Amino acid sequence: MLGTLIMAFGYYYLNEQFGLAEGGFVGLALLGRYLFDIDPAISMIVLDIPFFLIALWWKGWRFVGQAVLAAASLSLSYAMWDRLDLLTFDIQVWPATLFAAIASGIVTGYGLGLVLKSGGATGGDDLFALGLSKWTGVSVGTILIIFDVIVLAISLIYLPLSNALYTLLAVSIAGRVVTKMLTDDVVEITVPSVTKLKTKNDLA
C-alpha cells in the first residue's frame, strides 16, 4: 500500500501535471479511449481480468488477493492525491518537463519496486512482466520498459512526439529502478566447508 501511495503521487503530481503519458495497460486504455471512445476504467478491468485468472493458476489465491489489493490501493491513492491537490506546478515547459520526467521515473519506479518486492502487482501488465521474466530470464524492469516502449510507439497516433519522448525517459528510469530493487536482494552466500576430524585411537 505504501508503494501504491508513492506511485500515485508520481502519476498525479508529475505525469498528470506535466502532460506525460503512461505505458503499460494504462497507456493501452488511453489509446482505447482515443480510437474507440471506450472508458479507460472499463478497458483497464477488461485487460486485467485474463491475467488475474492466469495468476490464480500460476500463483494462487493469496498472490491474486495481494494484486487486487494493490490495484485497488493505487486507484484510491490516486483519487486521494487528486482530492488533496497539495502541489501545483505552473511551469510545464523545458527544462521543467525534463526534470519532471526524471523525478517521475524515480518515484514511480521505487513505488512499483516496493509493490513487487512485497509479492504484489498493480495490474495485468505487472503480472505479464513477472510471468515473462520467469519464462525468459529477462529482468522484470527490462520487460516493463520494452512493453512501455511498444505502447508509447502506438500512442504516437494521438500523442505529441515530445510528450512521448519525455514519457519514454520516465518509464526507462522506472524500469531501471525496479530492476535494481528486485536484484539487490539476491545475495550469494558462501557456506564454509567443514572438515570432519577423526579422533586418533591410541589403542589402534
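Definitions and cut-offs
Residues numbered from 1 in each chain as written. Predicted model: local features only at pLDDT ≥ 70, side-chain atom pairs only at ≥ 80, totals over all residues. Heavy atoms only, no water. Helix = DSSP H or I, 4+ residues; strand = E, 2+ residues; numbered from the N terminus. Expected span 1.5 Å × (residues − 1). Core = buried A, V, L, I, M, F, W, Y, C linked by side-chain atoms within 4.5 Å. Buried < 20%, exposed > 50% of the residue type's maximum accessible area, 1.4 Å probe, protein only. Contact = heavy atoms within 4.5 Å. UniProt positions renumbered as here; feature names shortened; annotations may be inferred. pLDDT = per-residue confidence, 0-100. Axes fitted to C-alpha atoms, helices over the stretch in contact; angles between N-to-C directions. Parallel < 35°, antiparallel > 145°, perpendicular 65-115°, else oblique. Left-handed = near helix turned anticlockwise from the far one by under 90°. Nonpolar A, V, L, I, M, F, W, Y, C, P; charged D, E, K, R; others polar. Phe/Tyr/Trp six-rings, centres within 6.5 Å; stacked < 30°, edge-to-face > 60°.

### Considerations on helix 5 (residues 96–117)
For step 1, the next point in the chain: Here helix 5 is 22 residues long and its end C-alpha atoms lie 31 Å apart, about the 32 Å a rise of 1.5 Å per residue gives.
For step 2, the next point in the chain: Glycine 119 lies just past helix 5 and shows a positive phi near 90°.

### Digging into the nonpolar core
For step 1, the next point in the chain: Formed by 23 residues in total, the largest nonpolar core has its most connected members in Phe63, Leu112, Leu116, Leu127 and Val140.
For step 2, the next point in the chain: The element contributing the most residues to this core is helix 4 (residues 61–84), with six residues.
For step 3, the next point in the chain: Beyond its immediate sequence surroundings of up to four residues, phenylalanine 63 is in contact with Ala55, Gly119, Gly120, Ala121, Leu127 and Leu130.
For step 4, the next point in the chain: One finds Leu14, Leu20, Ala100 and Ala170 within the second-largest nonpolar core, a separate group that totals eight residues.

### Thoughts on unusual backbone geometry
For step 1, the next point in the chain: The phi torsion at aspartate 37 lies on the positive side, around 55°, for a residue other than glycine.
For step 2, the next point in the chain: As for its position among the elements, aspartate 37 is in the loop between helix 2 (24–36) and helix 3 (40–58).
For step 3, the next point in the chain: A positive phi angle, near 50°, is found at aspartate 85, a position not held by glycine.
For step 4, the next point in the chain: Within the fold, aspartate 85 resides in the loop between helix 4 and helix 5.
For step 5, the next point in the chain: Taking the relative accessible area as the measure of exposure, aspartate 85 reaches 39% and is therefore partly exposed.

### A look at the UniProt feature "transmembrane region" (unreviewed entry) in the protein
For step 1, the next point in the chain: UniProt's feature table lists "transmembrane region" (unreviewed entry) at residues 12–31, 38–57, 63–81, 93–115 and 135–159, given in the numbering used throughout.
For step 2, the next point in the chain: Taken end to end, residues 12–31 is 65% helix and 0% strand, and its two terminal C-alpha atoms sit 19 Å from one another.
For step 3, the next point in the chain: Segment residues 63–81 splits into 100% helix and 0% strand. End C-alpha atoms: 27 Å apart.

### Details of the confidence of the model for the protein
For step 1, the next point in the chain: For the protein, per-residue confidence averages 83 on the pLDDT scale, and 88% of positions sit at 70 or higher.
For step 2, the next point in the chain: The low-confidence segment residues 186–204, where pLDDT is below 50, has zero contacts with residues more than four positions distant or belonging to other chains.

### Let's talk about the packing of helix 2 against helix 7 (residues 140–155)
A packed helix pair is summarised by two numbers, namely the angle formed by the two axes and the spacing between the axes.
For step 1, the next point in the chain: Where helix 2 contacts helix 7, the axes come no closer than 9 Å and their chain directions differ by 15°. By the angle between their directions, the pair helix 2 and helix 7 is classed as roughly parallel. In terms of crossing hand, the pair formed by helix 2 and helix 7 is left-handed. Residues Gly24, Phe25, Gly27, Leu28 and Leu31 of helix 2 form the contact with helix 7, whose participating residues are Phe147, Asp148, Val151, Ile154 and Ser155.

### Quick word on the packing of helix 7 against helix 8 (residues 161–183)
For step 1, the next point in the chain: Across the interface, helix 7 lies against helix 8 with an axial gap of 7 Å and an inter-helix angle of 165°. Judged by the angle between their axes, helix 7 and helix 8 are roughly antiparallel. Read as a crossing pair, helix 7 and helix 8 show a hand that is right-handed. Contact residues: helix 7 offers Val140, Gly141, Thr142, Ile145, Asp148, Val149 and Leu152, while helix 8 offers Ala164, Thr167, Leu168, Val171, Ser172, Gly175, Arg176, Val178, Thr179 and Leu182.
For step 2, the next point in the chain: Here the contact of helix 7 with helix 8 is built from residues that sort into nine nonpolar, six polar and two charged.

### Overview of the packing of aromatic side chains
Each aromatic ring pair is summarised here by two numbers: the centre-to-centre distance and the angle between the ring planes.
For step 1, the next point in the chain: Tallied over the full model, the rule gives ten aromatic pairs.
For step 2, the next point in the chain: Ring centres of phenylalanine 51 and phenylalanine 128 lie 6.0 Å apart, and the angle between their planes is 85°; this geometry places the pair in the edge-to-face category. Taken together, the positions of phenylalanine 51 in helix 3 and phenylalanine 128 in helix 6 (residues 124–136) put the pair 77 residues apart, joining distant regions of the chain.
For step 3, the next point in the chain: You can call phenylalanine 51 partly exposed: its relative accessible area is 24%.
For step 4, the next point in the chain: Owing to a relative accessible area of 30%, phenylalanine 128 belongs among the partly exposed residues under this scheme.
For step 5, the next point in the chain: A ring pair is formed by phenylalanine 128 and phenylalanine 147, whose centres lie 5.7 Å apart and whose planes are at 50°; its orientation type is tilted. Here phenylalanine 147 lies in helix 7 and phenylalanine 128 lies in helix 6, a separation of 19 residues in the sequence.
For step 6, the next point in the chain: Since its relative accessible area comes to 16%, phenylalanine 147 is described here as buried.
For step 7, the next point in the chain: Three or more aromatic residues joined by ring pairs make a cluster, and in this case those are Phe9, Tyr12, Tyr13, Tyr78 and Trp81.

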